[in-house]
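Coordinates in review
Chain residues, written in single-letter form:
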Amino acid sequence: MKVHESLKSSDLEEERLLLELDADRLPQHIAVIMDGNGRWAQRRHLPRVVGHRAGVQSARTAIETCASLGISNLTLYAFSMENWCRPKAEIDFLMRLLRGYLRKELPTIHRNNIRMLVIGRTDQLPDEVRADIDRATEQTAGNTGMNLAVALNYGGRAELVDAFNRILDRVRNNGLANARVDEEMISRNLYTAGLPDPDLLIRTSGEMRVSNFLLWQIAYAEIYVTETLWPDFSRAKLYEALLDFQKRERRYGGLAQERHRVMA
Ligand code: IPE
Ligand code: IPE
Ligand code: MG
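Model, not experiment: these values are computed from the prediction. (Residues numbered from 1 in each chain as written. Chains lettered and ligands numbered in written order. Predicted model: local features only at pLDDT ≥ 70, side-chain atom pairs only at ≥ 80, totals over all residues. Heavy atoms only, no water.)

**A closer look at the site of ligand 1**
Our working definition: For each residue, the test is whether any non-hydrogen atom lies within 4 Å of the molecule or strand; if one does, the residue is near. Between N or O atoms, a polar contact is any pair within 3.5 Å; within protein, one atom must be a potential hydrogen donor and the other a potential acceptor, and residues adjacent in sequence are included only when both atoms are from side chains. Under the convention used here, a 1.4 Å probe and the Shrake-Rupley method define accessible areas, while residue burial counts only the protein chains that appear. Where helices and strands are cited, they refer to DSSP runs of H or I of at least four residues and of E of at least two residues respectively, numbered from the N terminus. Each residue is assigned to one of three groups, with Ala, Val, Leu, Ile, Met, Phe, Trp, Tyr, Cys and Pro labelled nonpolar, Asp, Glu, Lys and Arg labelled charged, and all others, Gly among them, labelled polar.
If you check the shell around ligand 1, you find 13 residues, and the closest are Asp 35, Gly 38, Arg 39, Arg 48 and Arg 86. With respect to ligand 1, the backbone of Gly 38 contributes an N or O atom lying 2.9 Å from an oxygen atom. Between ligand 1 and Arg 86 there is a distance of 2.6 Å, counted from an oxygen atom to a side-chain nitrogen or oxygen. For ligand 1, whose unbound accessible area comes to 380 Å², protein coverage reaches 87%. Elements with a contribution of two residues or more to the shell around ligand 1: α2 (37-43), α3 (48-69) and α4 (88-111). Top element by residues in the shell around ligand 1 is α2. It accounts for 3 residues. Of the residues contributing to the shell around ligand 1, the split by class is 3 nonpolar, 5 polar and 5 charged.

**As for the side chain of Thr 226**
Where we set the bar: Relative accessibility under 20% of the residue-type maximum defines a buried residue, over 50% an exposed one, and the middle range a partly exposed one, all with a 1.4 Å probe and only protein chains included. By definition in these notes, contact holds between two residues if any of their heavy atoms fall within 4.5 Å.
Along the chain, the position of Thr 226 falls in strand β6 (residues 222-226). Judged by its relative accessible area of 11%, Thr 226 is buried. Once you skip the residues sitting within four places of it in the chain, Thr 226 turns out to touch Arg 203, Thr 204, Ser 205, Gly 206 and Phe 233.

**Describing the sheet that holds strand β2 (residues 73-80)**
To keep it simple, the criterion reads: Strand pairing follows a simple DSSP-based rule, namely that at least 2 bridges must link the two strands. Between the N-to-C directions of two axes lies an angle of 0 to 180 degrees, each axis being a line fitted to C-alpha atoms and, for a helix, fitted only over the stretch in contact.
Within the open sheet, the 6 strands sit side by side as β3-β4-β2-β1-β5-β6. Their pairing is parallel. Looking at strand neighbours, the two that pair on one side only are β3 (115-119) and β6, the edges of this open sheet. Averaged over all pairs of adjacent strands, the angle between strand axes in this sheet comes to 20 degrees, irrespective of strand direction. One ladder, built from 4 bridges, connects strand β1 (residues 29-33) with strand β5 (residues 200-204); its direction is parallel. Across the sheet, residue Ile 33 finds its bridge partner in β5, namely Arg 203.

Written out as structure tokens, the structure reads:
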């Protein structure tokens, strides 16, 4: 009875938040640093990996919620280049979890017209993980709904290094001795080529840092850090992040609207 009641009240809370959202002012691209799985488990005196498993459900919820809101691009930070420093058992678990997720969720992702892409140095991932990634990205390549970019073996600096090397190769191969780079060319050579820059960067678990995520692309992203640990990041929590985003004034170095009037 109690469970039933609490489920009902969380549904009502979700509905209330959803009604508050302005459908015309949603971000085009949300990027998420899904952090806090280990702490979530440790607080329950459970092994860290239990937190990773619980985090998968939050990822599923975030994907489904963004797709149903009509958000065009969602990028999830799943495994950083620095995460290889963790114990082998944790890394192996994460890789298995990822493979299980890809296999199990691919039909749903495809049915929902979501295009999956993977950003990062995927060539350095284990062969079997790469095979699952290739299957998911190839099968969903023609989908026209939300772009879901999963950052795997991702590092923001490595992405820039790879972009510069791609540009250099092209310059050398085409004998373009007088070529110069510009911002557009750099953006076009990033793993995220073709995606707009994130409008909203969410980080769970309270850390006030970007941990080498999308360094170039977040130049003017609105940053939302919540104390909520990733496995507790529910649909309602995502709505709260979006409501907070809708209160922001994005000035891009300009002036607030009323300041324009005062100055005129
Ligand atoms: C985020 O949770 C998931 C990955 C980095 C793979 P963490 O594993 O970093 O959890 P905390 O930060 O230790 O709590
Ligand atoms: C960032 O979280 C990477 C992912 C969420 C995949 P970390 O837990 O690895 O980052 P730090 O160590 O707190 O900076
Ligand atoms: Mg962490």
